[in-house]
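A look at the structure
Given next are the chains, with one letter for each unit.
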Amino acid sequence: MSSISTRKKDHIDLTLTESSQYKRPTGFQLYQLKHNALPECGLEDISFRSHLLGIEFEFPLFISSMTGGHGEATNLNAEIATFCEHFKIPFGVGSQRVMLEDSTHEKSFSIVRKKAPNAFIAANIGGAQLIGGMPSNRLLSMISSIQANAVIVHLNPLQELIQPEGDTQFDGVLKGIEKLVNESSVPLIVKETGAGIDSAVAKRLLNVGVKVIDIAGVGGTSWSRVEAARITSRPDTDKVGSTLMRKYELEMQERFNEWGNSTVYCLKSLQELAWEREFEIIASGGIRNAQDMIKARCLGAHFVAVAQPVVRVLKEEGLTGLEKWFNLWRKEATMIMTLLGVREWRLLSEEHITPHSS
Ligand SMILES: Cc1cc2nc3c(=O)[nH]c(=O)nc-3n(C[C@H](O)[C@H](O)[C@H](O)COP(=O)(O)O)c2cc1C
């Protein structure tokens, strides 16, 4: 296995533990949904029809980019693809950098199109890989390997800086994104990986032509925690000689565990921008149930996305478990909409939410 491939496998195992999650909350707990004692609608009346990039979906849940590049990833991707095809849910594959550097890993990605011939599937590459511009043959290879409907660019400077083998130069990422917007045959989505995109960064992305932003804020998977766990689980490196310095280094890394912009902070910060500019917002980072999903819509999201719970359910309960998880989620969402007296996803707004009071 190549080193990127080994790292990707470690990531799956480490994100399953509770300690991989931020201790800081998303911010959704600061709000409550307004109960409507006279809803004048029933469970059968609720519609979650929603749009992303001009495409209609039955349910506004995106399975976030996660995996690819090793044997287990092939199975996980195949199962996620089967699930998404069945429920007509869009999803993103994990970073395809591994496949661009070693074509033997292509199968772990291309399997998704075999299992999901009709689903919306997004390719994935890191912003740091776009510095200097992405060569057209690499772009083509990424898109054609899965017949992608969109390309996702992930921004993860926090993870890269914590990761011992990570990138440390981010000058030129925005220019790379601009070039990709102009050269890609499919639309672009830009996401964080859990430390959040606020309005200042969103504005710069919109200025180079990006139309969909997945905020991926603090409250769910913490890549700083995941990378720190990887470092701690390795035998001591000789990078830091003494035990005391090793201790100080770990403490320094731990201070980044809770770094980032919370999911709700990002959503609130994007609200004003959404009045001025036309773009679509995907809310993610710690979205863990249908209540979070509906609160996110009330705060301006068009769609929501989930990562860690999907891989956790798949690993523990398999595809059947994932189907049950989704049915439960959809049931809860339908009950909530009924209790709000709102028949359609698109009609949810800030009117239906209020700051929490006891
Ligand atoms: C196992 C795992 C692997 C991930 N790999 C990628 C990746 O390759 N590319 C990417 O853009 N995001 C990746 N992510 C980040 C997620 O897409 C998501 O942005 C982040 O985990 C926050 O969502 P969550 O709190 O629902 O987990 C990964 C997440 C997990 C759990």
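The coordinates are above.
Let me begin by describing the structure that accompanies this report. (Residues numbered from 1 in each chain as written. Predicted model: local features only at pLDDT ≥ 70, side-chain atom pairs only at ≥ 80, totals over all residues. Heavy atoms only, no water.)

Ranked by size, the top nonpolar core spans 90 residues in total, and within it Phe91, Ile177 and Ile294 carry the most contacts. Every residue in contact with Ile177, bar those within four places of it in the chain, is listed here: Leu130, Val153, Leu155, Leu188, Val190, Leu205, Val208 and Val210. Membership of the second largest hydrophobic core comes to 12 residues, among which are Ala150, Ile152, Val212 and Phe303. (Core = buried A, V, L, I, M, F, W, Y, C linked by side-chain atoms within 4.5 Å. Buried < 20%, exposed > 50% of the residue type's maximum accessible area, 1.4 Å probe, protein only. Contact = heavy atoms within 4.5 Å.)

Glancing now at a nonpolar patch on the surface. On the surface, Leu244, Met245 and Tyr248 cluster together into a nonpolar patch covering about 290 Å² of accessible area. Looking at the secondary structure, you find Tyr248 in helix H10 (residues 243-254). Of the residues examined, Tyr248 reaches a relative accessible area of 42% and is grouped as partly exposed. (Patch = residues over 30% accessible without salt bridge, like charges linked within 9 Å, V, L, I, M, F, W, Y side chains within 5 Å. Areas by Shrake-Rupley, 256 points an atom, 1.4 Å probe, with all protein chains shown as cover. Salt bridge = Lys/Arg side-chain N within 4 Å of Asp/Glu carboxyl O. Helix = DSSP H or I, 4+ residues; strand = E, 2+ residues; numbered from the N terminus.)

Right, let's talk about the site of the ligand for a bit. Near the ligand lie 22 residues; those nearest to it are Ser65, Ser95, Lys191, Thr221 and Arg288. Between the ligand and the protein, one listed contact pairs an oxygen atom with a side-chain N or O atom of Asn124 at 3.0 Å. Gln308 has a polar backbone atom sitting 3.1 Å from an oxygen atom of the ligand. Its free accessible area being 600 Å², the ligand has 98% of it covered by the protein chains. Of all the elements in the fold, those that place two or more residues in the shell around the ligand are helix H1 (3-15) and strand E8 (188-192). (Near = heavy atom within 4 Å. Polar contact = N/O pair within 3.5 Å; in protein donor to acceptor, adjacent residues only side chain to side chain.)

With that settled, consider helix H7 (residues 173-183). Among the residues of H7, Val173, Gly176, Ile177 and Leu180 are the ones counted as buried. In an axial view of H7, the angular spread of the buried residues amounts to 100°, which keeps them on one side of the axis. Turned more than 90 degrees from where H7 packs its buried face, Lys175 and Asn182 sit exposed. Against the buried residues of H7 lie helix H5 (136-146), strand E7 (150-155), E8 and helix H8 (199-207). (Arc of directions from axis to C-beta.)

What follows is about the packing of aromatic side chains. Each pair of aromatic rings is reported with the distance of its centres and the angle of its planes. Inspection of the entire model under this criterion finds 10 aromatic pairs. Seen from their ring centres, Phe57 and Phe120 are 5.8 Å apart, and the 80° between their planes marks the pair as edge-to-face. Linking Phe57 in strand E3 (residues 55-57) with Phe120 in the loop between helix H4 (107-115) and strand E6 (121-126), this pair joins segments that are 63 residues apart in sequence. In this structure, Phe57 and Phe120 share a single accessibility class: buried. Between Phe62 and Phe120, the ring centres sit 6.3 Å apart and the planes meet at 75°, which makes this aromatic pair edge-to-face. (Phe/Tyr/Trp six-rings, centres within 6.5 Å; stacked < 30°, edge-to-face > 60°.)

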